[in-house]
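Letter by letter, the chains look like this.
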Amino acid sequence: MSMGIEFSEALLLVSGGSLLFSFFALVHFASTYNQHNRSLAILSAILIGTASLYSATISTGHGPLTSLEGAMASAIMGILELLPIVLAVVTTVLFRITLLTKRSVGASS
Amino acid sequence: MAIGNSFHRMGPSFERTRFGFPLMLLGMTCLILFPEDLADRESELHNSILRSVALIVPFSIGAILILRYSPTYGEPRTLGLASGWFLVAISWFILYYGKSSISLSGTTRGVLVLLGVFVSLVVVIIGTYLSEGSLGLKYESEPLSSDEEGLVRTILEMHMDGDEHGN
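A brief look at the structure comes next. One numbering rule holds for all chains: residues counted from 1, following each sequence as written. For this description, chains carry letters from A and ligands carry numbers from 1, given in the order in which they are written. Where local features are concerned, this predicted model is filtered to residues with pLDDT of at least 70; where side-chain atom pairs are given and counted, the filter is 80 or more; whole-chain, interface and lining totals use all residues.

**Remarks on the overall build of chain B**
Point 1. Secondary structure elements are taken from DSSP: a helix is a run of H or I of four residues or more, a strand is a run of E of two residues or more, and numbering for both begins at the N terminus. In terms of helices and strands, chain B carries 6 helices and 0 strands.
Point 2. Each helix (α) and strand (β) of chain B, taken in turn from the N terminus, gives the series α-α-α-α-α-α.
Point 3. In this setup the radius of gyration rests on C-alpha atoms only. A globule is expected at 2.2 Å times the number of residues raised to 0.38. Here the C-alpha radius of gyration of chain B, 24 Å, is well above what a compact globule of 167 residues would show, namely 15 Å.
Point 4. Considered along the principal axes of its C-alpha atoms, chain B spans approximately 70 × 50 × 30 Å.
Point 5. Backbone-placed C-beta atoms define the burial measure: a residue is buried with 20 or more other C-beta atoms within 10 Å of its own, exposed with 12 or fewer, and partly exposed in between. Residue burial in chain B is summarised as follows: out of 167 residues, 16% are buried.
Point 6. Here contacts are defined at the residue level, using C-beta atoms placed from the backbone and a cut-off of 7 Å between them. A separation threshold of at least 6 residues defines the contact pool for chain B, and within that pool the share at least 24 residues apart is 27%.

Below, the structure is given as structure tokens:
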């Protein structure tokens, strides 16, 4: 793959992102369980989590637990690598709010 | 932290919501203070999170101050605005000296992770839509009785600061 990223690493990163989301979705479904909620939506999170774990296992060639740990660690670090871009965008917006707007925003604005 | 966030998001109708914020704080404390004997990969991740926290905390406080004391969204106050920009400048200073520069490969990694998150999100949304649709409407609720109507009216009037005539 271009830009110095191998296909296996790209697959691991996509799987890691997917695992990260399905992990948070599963935690959310479990934590917010109540007796009136009979939705089977949790199955979709389990399905995508299992598929992502399988692809992470293929990508690393290690066992499921090692692959799970590696994929999620890579995903968190990958997201943190976007932090400078996010900070730059937010700083630009703050700069605009501070200096370029001279009037209060009304209800109709 | 994830469990605490979910508890907190449940709202005041559920008792477990009051455990949300303490659980988040506990999770954050454990994440920062207690890790020991970490392997290489885990240690790298832990350092990366700590560097990001050191960057995000002053930036977030600064952004809140700027928004609160900017002419657009809050009461304009030069001191508050200057304090906010000072904190934002500190976070950029930390970013610059932490050598967390923007790189093409790093950005590509981040975008690939976001792609995975997006794919997962779409699958969960489709799954939720299908499962909610398959449940259907089993029965229609009974209309409120006159006592229940009175109770709802009283609660609404109390929350809207109105008197018993709804004024």
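What follows picks up the thread again.
**Observations regarding the interface of chain B and chain A**
Point 1. With 47 residues of chain B in contact, the opposing surface of chain A contributes 50 residues.
Point 2. Only helix H1 (2-9), helix H3 (40-68), helix H4 (78-97) and helix H5 (104-135) of chain B provide two or more residues apiece to the side of chain B that touches chain A.
Point 3. The leading source of residues in the side of chain B that touches chain A is H5 of chain B, at 24 residues.
Point 4. Ten residues, namely Ala, Val, Leu, Ile, Met, Phe, Trp, Tyr, Cys and Pro, are considered nonpolar, four, namely Asp, Glu, Lys and Arg, are considered charged, and the remaining ones, Gly among them, are considered polar. Looking at the side of chain B that touches chain A, its residues break down into 26 nonpolar, 18 polar and 3 charged.

**Considering the packing of helix H2 (residues 42-60) of chain A against helix H3 (residues 64-80) of chain A**
Residue and element names in this part refer to chain A.
Point 1. Their axes nearest at 9 Å, the elements H2 and H3 cross at an angle of 95°. Classed by the angle they form, the pair H2 and H3 counts as roughly perpendicular. Across the interface between the two elements, Leu53, Ala56, Thr57 and Thr60 from H2 touch Pro64, Thr66, Ser67, Leu68, Gly70 and Ala71 from H3.
Point 2. A class-by-class count of the residues in the contact of H2 with H3 yields 5 nonpolar, 5 polar and no charged. Lines fitted to C-alpha atoms define the axes here, with helix axes fitted over just the stretch in contact, and angles between the N-to-C directions of these axes take values from 0 to 180 degrees. For this classification, under 35 degrees means roughly parallel, over 145 means roughly antiparallel, 65 to 115 means roughly perpendicular, and everything else is oblique.

**Description of the environment of Gly16 of chain A**
Point 1. Relative to the elements of secondary structure, Gly16 of chain A occurs in helix H1 (residues 7-31).
Point 2. Sequence spacing of Gly16 of chain A and Leu68 of chain A is 52 residues, and the spatial spacing of their C-alpha atoms is 7.8 Å.
Point 3. Look past the residues within four positions of Gly16 of chain A in its chain and what remains in contact with it is Ala56, Ala71, Met72, Ser74 and Ala75 of chain A together with Val113 and Gly116 of chain B.

**With respect to the packing of H1 of chain A against H2 of chain A**
Residue and element names in this part refer to chain A.
Point 1. At a closest axis distance of 8 Å, the pairing of H1 and H2 adopts a crossing angle of 150°. The angle between H1 and H2 falls in the class roughly antiparallel. In this structure, H1 crosses over H2, and the sense of that crossing is left-handed. The segment H1 lies against H2, with Ser8, Leu11, Leu12, Ser15, Gly16, Ser18, Leu19, Ser22, Phe23, Ala25, Leu26 and Phe29 engaging Ile42, Ala45, Ile46, Ile48, Gly49, Ser52, Leu53, Ser55, Ala56, Ser59 and Thr60. For a crossing to be left-handed, the near helix must be turned anticlockwise from the far one by less than a right angle; the clockwise case is right-handed.

**Regarding the environment of Leu26 of chain B**
Point 1. Its place among the elements puts Leu26 of chain B in helix H2 (residues 20-33).
Point 2. Between the C-alpha atom of Leu26 of chain B and that of Tyr96 of chain B, which follows or precedes it by 70 residues, the distance is 30 Å.

**Observations regarding the nonpolar core**
Point 1. Here, a nonpolar core denotes buried Ala, Val, Leu, Ile, Met, Phe, Trp, Tyr and Cys residues that are linked to one another through C-beta atoms within 7 Å. Leu13, Leu19, Ala71 and Ala75 of chain A together with Val113 of chain B are the most contacted members of the largest nonpolar core, which totals 33 residues.
Point 2. Counting only elements with at least two residues in this core, the list comes to H1, H2, H3 and helix H4 (83-100) of chain A together with H3, H4 and H5 of chain B.
Point 3. By residue number, the principal contributor to this core is H1 of chain A, which donates 8 residues.
Point 4. Ignoring anything within four residues of it in the chain, the contact list for Ala71 of chain A reads Leu12, Ser15, Gly16, Leu19 and Ala56 of chain A.

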